[in-house]
Amino acid sequence: VDLSLAADLFFFLTSASNDREKLIKRLLDDWLEHSAGGSIILTPTQEDADHLNKLCHERRYAQAQVDWEQKLRRGEKIALTVGGITLVGGERIRFLHGSNGHGISANEIATVLSPDPERGTFEAYLHRSKRRVAIAEAQQVAFKLEYATTMRNAISQKNEAERVYL
């Protein structure tokens with residue numbers, strides 16, 4: 001993680017405090033107010049990262065459901081399930097393997113811009129190369145949610161973010 005790119009470095013999740021759940025709630029409340037693509041949560045363990053990824057995804061999905069019916073009437077595409085993960089706009093993902101056809105590197109971080117369930121595709125903004133790519137579900141490009149990761153993984157994957165939560 002290039003911490004010089006961090007506009008805000010302020011949250012302390014790994015507290016010995018009895019208020020851990022309150023800290024997590026506070027972190028998630030703050031995180032939801034900012035761009036998911038520009039933020040990363042760093043954790044000491046993979047278990048913590050997996051737990052926070054689940055919670056962040058639940059919050060992002062709940063946020064997408066606000067005015068769901070009105071969005072559908074306007075013709076907006078809201079969600080697409082790919083590889084067992086239901087994606088909505090704003091999701092932060094990490095591609096597990098590179099894809100030469102898309103110009104995606106292994107471990108590249110992206111933000112889902114627009115899922116299209118009718119076509120079985122989603123558009124993603126690649127953070128490193130600052131490009132948009134269209135991914136078809138049928139192309140089976142492997143990815144996972146990546147709101148949170150361990151410090152070790154963040155360094156080895158060369159994650160960059162405007163906002164870092166520790």
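Computed from a prediction, not measured in an experiment: that's the story for all the values here.

Draft legend 1. Local environment of helix α2 (residues 46-64). In a regular helix each residue adds 1.5 Å, so 19 residues correspond to 27 Å; α2 covers 27 Å between its end C-alpha atoms and thus fits that length. Listed as buried for α2 are Asp-48, Ala-49, Leu-52, Asn-53, Leu-55, Cys-56, His-57, Arg-60 and Ala-64. Against the buried residues of α2 lie α1 (20-32), β2 (39-43), α3 (68-73), β4 (85-88), β9 (143-145) and β10 (148-150).

Draft legend 2. Structural view of the environment of Lys-54. Among the secondary structure elements, Lys-54 is positioned in helix α2. Placed 91 residues apart in sequence, Lys-54 and Leu-145 show a C-alpha to C-alpha distance of 8.4 Å. A polar side-chain atom of Lys-54 sits 2.7 Å from a polar atom in the side chain of Glu-58.

Draft legend 3. Highlighting the packing of aromatic side chains. Under the defined criterion, the tally for this structure stands at 2 aromatic pairs. Plain terms: the ring middles of Trp-31 and Tyr-147 are 5.0 Å apart, the flat faces sit at 80° to each other, and that makes the pair edge-to-face. Taken together, the residues span a long stretch of sequence, with Trp-31 in helix α1 and Tyr-147 in the loop between β9 and β10 at a distance of 116 residues. As far as the burial class goes, Trp-31 and Tyr-147 line up, both buried. Aromatic side chains Phe-122 and Phe-143 sit 5.7 Å apart centroid to centroid with 65° between the ring planes, which places their arrangement in the edge-to-face category. Remark: Phe-143 occurs in strand β9 and Phe-122 occurs in strand β7 (residues 121-126); sequence separation between them is 21 residues. Both residues of the pair, Phe-122 and Phe-143, belong to the buried class.

Conventions adopted
Residues numbered from 1 in each chain as written. Predicted model: local features only at pLDDT ≥ 70, side-chain atom pairs only at ≥ 80, totals over all residues. Heavy atoms only, no water. Helix = DSSP H or I, 4+ residues; strand = E, 2+ residues; numbered from the N terminus. Expected span 1.5 Å × (residues − 1). Buried < 20%, exposed > 50% of the residue type's maximum accessible area, 1.4 Å probe, protein only. Contact = heavy atoms within 4.5 Å. Polar contact = N/O pair within 3.5 Å; in protein donor to acceptor, adjacent residues only side chain to side chain. Phe/Tyr/Trp six-rings, centres within 6.5 Å; stacked < 30°, edge-to-face > 60°.

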